[in-house]
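Secondary and tertiary structure notes
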Amino acid sequence: MSNRPLEELRTQLDEINMELLHLLSKRASLVQEIGEVKKRQGVNKFDPEREKKMLDQLVAQNQGPFDNHTVRYLFKQIFKASLDLQIDDQKKDLLVSRKKQATDTMIQLGTTKVGNGTPQIIAGPCSVESEEQVFAVAKVLKEQGVSIMRGGAFKPRTSPYDFQGLGVEGLKILRKAADHYDLQVISEVVSPSDIEMATEFVDVIQIGARNMQNFELLKAAGTVNTPILLKRGLAATIEEFLFAAEYIVSNGNANVMLCERGIRTYEKWTRNTLDISAVPILKNESHLPVFVDVTHSTGRRDILLPCAKAALAAGADGVMLEVHPNPSVALSDAKQQLDIPSFEAFMAGIKQSIDA
Ligand code: PEP
Ligand code: MN
């Protein structure tokens, strides 16, 4: 039993705490330096063998009163915090990261600004099918004050026997309608060799969910100045999504917009599961504008409006949806596109919620 007064013991403990803090900080600085070396050498940050060796050494020298299990536990916490520090340092290096650029990236599309706090709607048919179809949609977009029209010309279809899109002909139709109604136009490109060509026709190039990790396509998208809308992969984590965007930005094109479009889960009552939590996370982690595609995420016309409202409430810079003059005969995604009266009702609902 110690006879020393409690105050004296506590003072000594405080001193040891300070020494420990000093040593932990010193260790953390060394860990950061090691992180830099590992990055240069392209070595994995987590090295389980090295961790095991350090723990074994510590336990071998342990003379109590903590038992070996506790010593392992305590040092594992320190190792975990150190690894997190290295990961955090690496995140700061990403060009798409909020840590690298605190201010929001704004993208100018004609007279329209994306990312300035005014929500933007991107709407149009799943696929470009004819001039008549695209003009009918463009007209209603103009009437509704929507300035960005979508339409697929190169369609990444699940079945090779399904309609594959009109290709360059489709891009020409989009451009013609967009010029006629003074709209901006966005269309998907699936092949790296088409990126340059597409810049002649579209104002935004879309990289679809199926190609989110088509690294050659991402690199090609980085070589042009045309803004890119990058969709989240069907089974991509948020981290993978941001790394995909980093491919484009690090190759020279800073005009990237992210688009959450639902991920695959076991849920069957929606086409995909709209990961609304991705919106505030992406906005926190990155300075790039964030859109939510309510059509491909839900696959259900009946819940587009509440999902769009949720997206905007969660901080999205805009919403994408599919509109077709006659969805029942659409050559792709017939079940999920809105007809024109339903689109008008959708717009009324959105405007009401924005104004409220
Ligand atoms: C699309 O927007 O036309 C499309 C195919 O979407 P996604 O890549 O998200 O499936
Ligand atoms: Mn579609």
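Residues numbered from 1 in each chain as written. Chains lettered and ligands numbered in written order. Predicted model: local features only at pLDDT ≥ 70, side-chain atom pairs only at ≥ 80, totals over all residues. Heavy atoms only, no water.

Turning our eyes to something else, we now look at the site of ligand 1. Around ligand 1, a shell composed of Arg150, Lys155, Glu188, Gln206, Gly208, Ala209, Arg210, Lys231, Arg261 and His296 is seen. At a separation of 2.6 Å, an oxygen atom of ligand 1 approaches a polar side-chain atom of Arg261. Relative to its unbound accessible area of 300 Å², ligand 1 is 96% covered by the protein chains. The class makeup of the residues in the shell around ligand 1 is one nonpolar, three polar and six charged. (Near = heavy atom within 4 Å. Polar contact = N/O pair within 3.5 Å; in protein donor to acceptor, adjacent residues only side chain to side chain. Areas by Shrake-Rupley, 256 points an atom, 1.4 Å probe, with all protein chains shown as cover. Nonpolar A, V, L, I, M, F, W, Y, C, P; charged D, E, K, R; others polar.)

Below, the discussion takes up the coordination of the manganese ion (ligand 2). Coordination of the manganese ion (ligand 2) by the protein is provided by Cys126 (SG), His296 (NE2), Glu322 (OE) and Asp333 (OD), with metal-donor distances spanning 2.0 to 2.3 Å. Sequence positions of the donors to the manganese ion (ligand 2) reduce to the motif C-x169-H-x25-E-x10-D. Pair noted here: His296 is in helix H10 (residues 294–298) and Asp333 is in the loop between strand E10 (318–322) and helix H12 (340–355), with a separation of 37 residues, a long-range link. Taken as a pair, His296 and Asp333 share a single burial class, namely buried. (Donors = N, O, S within 2.8 Å, 3.2 Å for Na, K, Ca; no water. Helix = DSSP H or I, 4+ residues; strand = E, 2+ residues; numbered from the N terminus. Buried < 20%, exposed > 50% of the residue type's maximum accessible area, 1.4 Å probe, protein only.)

With that out of the way, let us pick up the packing of helix H4 (residues 131–144) against H12. Relative orientation of the contacting elements H4 and H12 amounts to 25°, with a least axis distance of 11 Å. What the angle tells us is that H4 and H12 run roughly parallel. Handedness of the H4/H12 crossing: right-handed. In this structure, H4 contributes Ala136, Val140, Leu141, Glu143 and Gln144 to the contact, and H12 contributes Ile340, Phe343, Glu344, Met347 and Lys351. Among the residues making up the contact of H4 with H12, the classes are represented as six nonpolar, one polar and three charged. (Axes fitted to C-alpha atoms, helices over the stretch in contact; angles between N-to-C directions. Parallel < 35°, antiparallel > 145°, perpendicular 65-115°, else oblique. Left-handed = near helix turned anticlockwise from the far one by under 90°. Contact = heavy atoms within 4.5 Å.)

We now examine the domain arrangement of the chain. Buried accessible area, meaning the area lost when the parts come together, often serves as the stated size of an interface. In terms of domains, the chain is made up of domain 1 (6–92) and domain 2 (107–355). Centre-to-centre, using C-alpha coordinates, domain 1 lies 46 Å away from domain 2. (Domains from an automatic or database assignment.)

This paragraph deals with the nonpolar core. Formed by 72 residues in total, the largest nonpolar core has its most connected members in Met149, Leu171, Leu230, Leu258, Leu321, Phe343 and Phe346. Per-element tally for this core: the top contributor is helix H8 (residues 238–250), with seven residues. What Leu321 contacts, discounting residues up to four positions off in sequence, is Ile121, Ile122, Ala123, Gly124, Arg150, Val294, Thr295, Leu304, Leu338, Phe343 and Phe346. Judged by nonpolar contacts, the second largest core, of twelve residues, contains Val114, Ile122, Ile148 and Val204. (Core = buried A, V, L, I, M, F, W, Y, C linked by side-chain atoms within 4.5 Å.)

The subject of this paragraph is the pairing of strand E6 (residues 204–207). Neither face of E6 is open: one carries Val204 and Gln206, the other Ile205 and Ile207, and all of them are buried. Bridge count for strand E5 (residues 184–188) against E6 is three bridges, and the pairing is parallel. Bridge pairing links Ser187 to Ile205 in E6. Bridge count between E6 and strand E7 (residues 228–231): three bridges; the pairing is parallel. Looking at E7, one finds that Ile207 is bridged to Leu230. This β-α-β element, E6 to helix H7 (residues 215–222) to E7, shows right-handed connectivity. (Pairing = 2+ DSSP bridges. Right-handed = clockwise from strand over helix to strand, strands pointing away.)

For the coordinates displayed, the defined rule picks out one cavity of 30 Å³ or more. Each pocket or cavity is described by its volume, and for the largest cavity that value is around 40 Å³. Together, Arg150, Gly151, Gly152, Lys155, Ile186, Ser187, Glu188 and Gln206 line the largest cavity. The greatest single-element share of the lining of the largest cavity, amounting to three residues, is contributed by E5. Partitioning the lining of the largest cavity into residue classes produces one nonpolar, four polar and three charged. (1 Å grid on protein atoms, 1.4 Å probe; cavity = no way out; pocket = protein on both sides within 12 Å on 5 of 7 lines; lining within 4 Å. Points joined across faces, edges and corners; volume = space filled by probe spheres on them.)

Let us now look at a nonpolar patch on the surface. A contiguous nonpolar patch, built from Phe66, Tyr73 and Leu74 and spanning about 330 Å² of accessible area, is present on the exposed surface. Mapping Leu74 onto the fold places it in helix H3 (residues 68–93). For Leu74, a relative accessible area of 37% corresponds to the partly exposed category. (Patch = residues over 30% accessible without salt bridge, like charges linked within 9 Å, V, L, I, M, F, W, Y side chains within 5 Å. Salt bridge = Lys/Arg side-chain N within 4 Å of Asp/Glu carboxyl O.)

Note the cis peptide between Gly64 and Pro65, where omega equals 5°. Structurally, the position occupied by Pro65 is in the loop between helix H2 (48–61) and H3. Although it is not a glycine, Asp182 sits at a positive phi angle of roughly 55°. As for its position among the elements, Asp182 is in the loop between helix H5 (168–181) and E5. Asp182 sits in the exposed class, given a relative accessible area of 58%. Within the chain, Asp333 stands out as a residue other than glycine whose phi angle is a positive 50°.

In this section: the sheet that holds strand E4 (residues 148–150). Judged by pairing direction, the barrel is parallel, and its eight strands sit side by side in the order E3-E4-E5-E6-E7-E8-E9-E10 before closing back on the first. With strand direction ignored, the average angle separating the axes of adjacent strands in the sheet is 25°. Of the strand pairs in this sheet, strand E9 (residues 290–293) and E10 are connected by three bridges, and their pairing is parallel. Bridge pairing links Val292 to Val319 in E10. Where helix H11 (residues 304–313) meets the sheet, its contacts fall on E9 and E10, and the angle it forms with E10 comes to roughly 160°.

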